[in-house]
Amino acid sequence: MSHSLQALDRAHHLHPFTDFKALGEEGSRIITHAEGVYIHDSEGHRILDGMAGLWCVNLGYGREELVAAASAQMRELPYYNNFFKTTHPPAVKLAETLCRLAPPHVNHVFFTGSGSEANDTVLRMVRRFWALQGKPRKQWVVARENAYHGSTVAGMSLGGMAPMHAQGGPLVPGIAHVRQPYWFDEGRGRDPVAFGRECAAAIEAKIQELGEDNVAAFIAEPVQGAGGAIIPPESYWPAVKTVLAKHDILLVVDEVICGFGRLGEWFGSQHYDLEPDLMPIAKGLSSGYLPIGGVLVGDRVADTLIEAGGEFFHGFTYSGHPVCAAVALKNLELMETEDVVERVRDDIGPYLAKRWGELTDHPLVGEARSLGLIGALELIDPACGERFPKTWGAGNLCRDISFAAGLVMRSVGDTMIISPPLVITREQVDELVGLARQALDETAERLAHQPHTKEKSA
Ligand code: PXG
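Just so we're clear, the structure is a prediction, and the values are computed from it rather than from any experiment.

Caption draft 1: View of the packing of aromatic side chains. Taken as a whole and assessed by the stated rule, the structure comprises 11 aromatic pairs. Relative to Y80, the ring of Y79 lies with its centre 6.5 Å away and its plane at 45°, an arrangement referred to as tilted. Owing to a relative accessible area of 31%, Y79 belongs among the partly exposed residues under this scheme. Positioned above the aromatic ring of Y38 is the side chain of R46, whose terminal nitrogen or guanidinium carbon lies 3.7 Å from the ring centre. Over the ring of W130 we find K138, and its NZ or CZ is 4.6 Å from the ring centre.

Quick look at the structure:
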């Protein structure tokens, strides 16, 4: 089966974020089924999914309750929209549940089909908000370098991924980027508290450069996900809050990865004690079983949009899709009844922190960090304590070795990241850490025994 499917894949399928030519030569890995925290490929391998798919399968694979919720809703009402003064029970109930779980000042939601659409919605909403406030010049959005906010034109313009910008220009105008609070790569050797404050000060400097009257919002992930599981210094978010309040700039907290328990609270904003005006969500909302996203809207923005009247010309065919909404609702219900979020905060998150932290003693590891169930390892050359030359591809090598050993661990440059299903057990955390250590050992060995590679890129 593998070969014929691989041939068809090569012939017809263009994969996301993929070098089409290289994949065509190599052939893709075919994932056939999954249960709990394990995925299986067509060659018969069982692999621990340390990434929960793409940061989304929070309840793990094979939850029959979610399957049943989808099939029941498909029979009842497979599709209807929320345009033109109509709605349906799953969308209404999901909206109510989300607003109950969100911080108290958040009482509305706008549904989308994905996180990228959520961020497109954010951009349109903040600009409309300020126009309705009589400040139509407040249009600029300040975002961060190395942030990820999606792959649509607005999403990638808000994001700060240099390779995406290089391929995607011209970008959406009116978006400016500031430095990220990435202590390991940009502040190592310095006091993290001072570094965090300095990164917040960069936001204020940008607001002053653009003119406070021209800036609508600041957007950021609580912990940067795709950028490398970057946990900001504790001083960062309090300082950012102060800057935004001082200049009356809306705060948009992108909860697409950090929402729904990943950091041990329902939303990352709650971990950092933030009061966002807008919170884009997706991924863990349905544990990835069906595509659904949205924007949670705080009272300040929602009240303005509602009270002003006039149509908001924005929405998607699948905004609040009934089957996706029914699955998301059941997903949230299961998370509540099984105390998934509390378990991440009080038990499995701290346990992961302890076990993952032990990897610091590995010669290849410059830093092992985690928060809730998101974690990263910074790979360094033991010979000098600095990064390996980029051309060595140490991170990708470690990722491939890890996959072959039975663990999905991602690489972002030479940062190894994990974001396992929230239902992972202590024994499975032990297995994950054991496999990560095995991958590190083998990576170290391979890099040490390739002196020709060293010479080539020295
Ligand atoms: N915001 C954040 C913070 C994300 O992580 C999006 C928005 C966009 O969501 P959609 O549903 O449109 O994909 C994301 C998505 C990776 C990777 O390689 C990360 C994402 C998507 C695909 C790959 O880490 N994050």
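Okay, back to it.
Caption draft 2: Spatial organisation of the domain arrangement of the protein. According to the domain assignment, the protein contains domain 1 (2-62 + 339-457) and domain 2 (65-337). Facing the 37 residues of domain 1 at the interface are 37 residues of domain 2. For the pairing of domain 1 and domain 2, the buried interface totals around 2,800 Å² over both sides, and the portion due to carbon and sulfur atoms is 59%. By the criterion of area lost to domain 2, the three top residues of domain 1 are W55, V341 and L371, representing 22% of everything that side buries. Across the domain 1-domain 2 interface, the total number found is 2 salt bridges. In this structure, the connection of domain 1 to domain 2 is made through 17 residue pairs in polar contact (both at pLDDT 80 or more). At the level of secondary structure, the elements contributing two or more residues to the side of domain 1 that touches domain 2 comprise α3 (52-55), α15 (340-357), β11 (365-371), β12 (374-379) and β15 (415-418). The greatest single-element share of the side of domain 1 that touches domain 2, amounting to 5 residues, is contributed by β11. Taken together, the residues of the side of domain 1 that touches domain 2 sort by class into 20 nonpolar, 10 polar and 7 charged.

The rules we used
Residues numbered from 1 in each chain as written. Predicted model: local features only at pLDDT ≥ 70, side-chain atom pairs only at ≥ 80, totals over all residues. Heavy atoms only, no water. Phe/Tyr/Trp six-rings, centres within 6.5 Å; stacked < 30°, edge-to-face > 60°. Buried < 20%, exposed > 50% of the residue type's maximum accessible area, 1.4 Å probe, protein only. Lys NZ or Arg CZ within 6 Å of the ring centre and 35° of its normal. Domains from an automatic or database assignment. Contact = heavy atoms within 4.5 Å. Buried area = accessible area lost by both parts, 1.4 Å probe. Salt bridge = Lys/Arg side-chain N within 4 Å of Asp/Glu carboxyl O. Polar contact = N/O pair within 3.5 Å; in protein donor to acceptor, adjacent residues only side chain to side chain. Helix = DSSP H or I, 4+ residues; strand = E, 2+ residues; numbered from the N terminus. Nonpolar A, V, L, I, M, F, W, Y, C, P; charged D, E, K, R; others polar.

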